[in-house]
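A closer look at the structure
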Amino acid sequence: LVAPDWLGAELSPALAALPEEADDAWLPVVRAADRCCRVLRIDGRVSALTSKTRPKKLAFACDDEVGRRTFLLKGAEDVHLDQRIMQLLDVVNEAAGAGPVVATYAVLPLSRSSGLIEWVPRTRTLFSLYDGEMTSRLITSAIAERQKLAKQQPGAAAALDPAAVAAEPEKYALRYDALPRAFHLELEKRDASLARLPRESWPLE
């Protein structure tokens with residue numbers, strides 16, 4: 001799935017052409033001495049993420065030492081709770097004394113159904129960690145099943161001859177019943193007839 005993107009100047013001509021003397025566009029940020037930065041203009045392209053509410057990732061050119069800051073614009077969602085959680089974590093960090101214990105980020109509610117969240121670089125979402133781990137487990141399980149079948153059918157473990165594979169592709173394909181249950185369910189949901197096809201005939205999507 002390819003997420004759409006747009007030029008920031010097309011979405012907000014006013015923010016793209018702020019006068020240099022403008023002093024009324026500020027954003028809260030955590031990684032700055034004053035915990036805020038003055039916006040010079042919207043910068044680059046705005047892209048939509050592929051998650052459920054399609055939040056938009058956008059960047060602003062700022063006048064601080066960082067120069068360019070990225071934010072996530074969330075719609076159809078109230079971010080006031082996110083803001084309260086960050087405020088609570090700030091209190092916890094202050095109470096801890098010796099430096100911050102929990103990394104925080106800025107949250108700016110724009111209304112009851114939208115808001116800006118400061119983009120934290122060099123991080124991964126919990127879902128991406130979970131998805132990567134589950135994918136790794138499924139692949140490991142499929143390999144183990146393939147090895148089990150190879151032991152039951154010693155000829156399948158021999159070195160593959162390209163000519164032999166071309167002549168009998170079904171013999172050397174990853175068997176449907178060698179896949180873990182999650183793959184079975186996904187294939188059956190898409191098309192039950194896939195169970196009778198060799199692996200190379202399955203759809204790419």
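Data block above holds the structure.
Before going into details, it helps to say that this report is about the structure given with it. These numbers were taken from a predicted model, which means no experiment stands behind them.

Another point: unusual backbone geometry. Notably, Ala76 is not glycine yet its phi reads approximately 55°, a positive angle. As for its position among the elements, Ala76 is in the loop between strand E5 (68–75) and helix H3 (80–96). Residue Ala76 is classed as exposed on the basis of its relative accessible area, which comes to 71%. Of note in the backbone geometry, Arg122 takes a positive phi value of approximately 55° without being a glycine. Residue position: Arg122 is located in the loop between strand E7 (114–118) and helix H4 (126–152).

Attention now moves to a nonpolar patch on the surface. Together, Leu88, Val92, Val101 and Val102 make up an exposed nonpolar region whose accessible area comes to about 330 Å². Structurally, Val92 is set in helix H3. We classify Val92 as partly exposed; its relative accessible area is 38%.

Turning to the environment of Leu15, a few remarks are in order. One can find Leu15 in helix H2 (residues 13–16). Between the C-alpha atom of Leu15 and that of Ala25, which follows or precedes it by 10 residues, the distance is 8.9 Å. Setting aside its immediate chain neighbours within four residues, Leu15 contacts Leu40, Arg41, Ile42 and Phe60.

Our focus in this paragraph is the nonpolar core. Formed by 13 residues in total, the largest nonpolar core has its most connected members in Leu27, Leu58, Phe60 and Phe71. Listed by contribution, the elements that provide at least two residues to this core are strand E3 (36–48) and strand E4 (56–62). For this core, the element with the most residues is E3, which contributes four residues. Filtering out sequence-adjacent residues up to four positions away, Phe60 remains in contact with Leu15, Leu27, Val39, Arg41, Ile42, Asp43, Gly67, Arg68, Arg69 and Phe71. Grouped together as the second largest cluster of nonpolar side chains are five residues, Leu72, Met86, Val107 and Ile117 included.

Conventions adopted
- Residues numbered from 1 in each chain as written.
- Predicted model: local features only at pLDDT ≥ 70, side-chain atom pairs only at ≥ 80, totals over all residues.
- Heavy atoms only, no water.
- Helix = DSSP H or I, 4+ residues; strand = E, 2+ residues; numbered from the N terminus.
- Buried < 20%, exposed > 50% of the residue type's maximum accessible area, 1.4 Å probe, protein only.
- Patch = residues over 30% accessible without salt bridge, like charges linked within 9 Å, V, L, I, M, F, W, Y side chains within 5 Å.
- Areas by Shrake-Rupley, 256 points an atom, 1.4 Å probe, with all protein chains shown as cover.
- Salt bridge = Lys/Arg side-chain N within 4 Å of Asp/Glu carboxyl O.
- Contact = heavy atoms within 4.5 Å.
- Core = buried A, V, L, I, M, F, W, Y, C linked by side-chain atoms within 4.5 Å.

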